[in-house]
Amino acid sequence: MEISPLSNALGASVTGVDIGKINQDQFAEIHRAFLDYQLLVFREQQLDAEAQIAFSKRFGPIETRPDRPFTLPGYPEVTILSNRLIDDEPVGVISAGDFWHTDLSFGEIPCRVTFLYALEVAKEGGDTEWSNIYTAYDALSDKMKERIAELSCIHVFDRRRNKRTKVDTQFIDKAEEVYGVTIPDAVHPMVRHHPETGRKSLYISPRFVVGIEGVDDDEAQSLLDELFEHQIRPEFRYRHRWRRGDLLMWDNPCLIHVGHGNIKPPGIRHMHRTMVLGDRPH
Ligand code: OGA
Ligand code: MN
């Protein structure tokens with residue numbers, strides 16, 4: 001197994017391993033690299049849904065939501081991301097993650113690791129990009145670190161309540177059905193400690209954070225604007241150009257990410273996603 005860094009910001013590619021058949025030693029090495037690089041790219045994998053689920057489960061309990069749209073038939077653990085239409089109907093979520101975010105931060109127990117496996121990729125478009133919120137935190141001034149140390153943020157699922165996002169066109173006629181679901185808001189510390197490394201991260205994102213608890217809204221919004229801009233400085237980022245057979249896994253407590261979309265027709269990007277849950281942010 002060979003591990004090579006993908007950028008100065010984050011990420012490593014892992015070759016010489018078949019994710020469908022890893023032994024304990026390989027698992028330990030992958031786990032170590034995951035903590036060191038936050039995002040791992042396994043090229044040329046051949047994974048069916050069961051193998052992806054089995055690998056995912058080694059990192060935590062799989063997240064399933066009974067009302068989640070576009071799960072794989074028979075596998076509520078797997079969500080289909082796809083721009084394919086059959087009889088004009090989408091077969092998957094067309095533009096998952098179109099604003100910078102960290103997965104499921106609107107939940108009391110957010111997602112720890114996301115696994116995304118590319119079954120088909122388009123010639124142009126469909127890149128995903130990550131930004132390292134460990135280093136974003138570290139790069140703040142001491143004064144700012146002090147200012148935000150004890151703050152907690154309000155994370156909201158419903159896009160209609162977030163002025164920094166808009167409802168996806170795919171769901172525009174079904175906004176109430178998709179966003180009106182009763183998911184209570186979550187309150188998480190702005191500075192999160194990673195459950196395994198203990199390192200601090202700037203755990204906010206424009207997709208989900210709409211306010212700061214106990215802080216006057218004008219002040220909160222201008223502080224958030226400043227921090228949202230800071231957390232995606234180019235030197236914190238890595239952008240991935242997908243290949244068919246890529247399996248990526250990323251560590252949500254210390255990364256935010258965005259799906260760039262813009263797939264050029266007639267390109268088809270078709271992916272299987274699994275997510276495992278982590279700790280309650282502290
Ligand atoms: C996600 C996500 C980005 C992409 O599925 O959570 O953010 O590029 N996807 O598909
Ligand atoms: Mn996401």
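Above this note sits the structure.
Residues numbered from 1 in each chain as written. Chains lettered and ligands numbered in written order. Predicted model: local features only at pLDDT ≥ 70, side-chain atom pairs only at ≥ 80, totals over all residues. Heavy atoms only, no water.

**Quick word on the environment of D185**
Inspection of the secondary structure assignment puts D185 in the loop between α5 (175–179) and β11 (186–189). Relative accessible area serves as the criterion here: at 35%, D185 is assigned to the partly exposed category. Separated by 29 residues in the primary sequence, D185 and V156 place their C-alpha atoms 5.1 Å from one another. Those residues in contact with D185 that sit more than four places away from it in its chain are F106, I154, H155, V156 and R161. Side chain to side chain, D185 and R161 meet in a polar contact 2.8 Å long. (Helix = DSSP H or I, 4+ residues; strand = E, 2+ residues; numbered from the N terminus. Buried < 20%, exposed > 50% of the residue type's maximum accessible area, 1.4 Å probe, protein only. Contact = heavy atoms within 4.5 Å. Polar contact = N/O pair within 3.5 Å; in protein donor to acceptor, adjacent residues only side chain to side chain.)

**Looking at the pairing of strand β10 (residues 152–155)**
Bridge analysis of β10 against β11 gives four bridges, and the strand direction is antiparallel. Paired with H155 across the strands is A186, a residue of β11. Taken together, the three bridges between β10 and strand β14 (residues 209–212) define a ladder with antiparallel strand orientation. When the bridges of β14 are listed, I154 appears paired with G211. (Pairing = 2+ DSSP bridges.)

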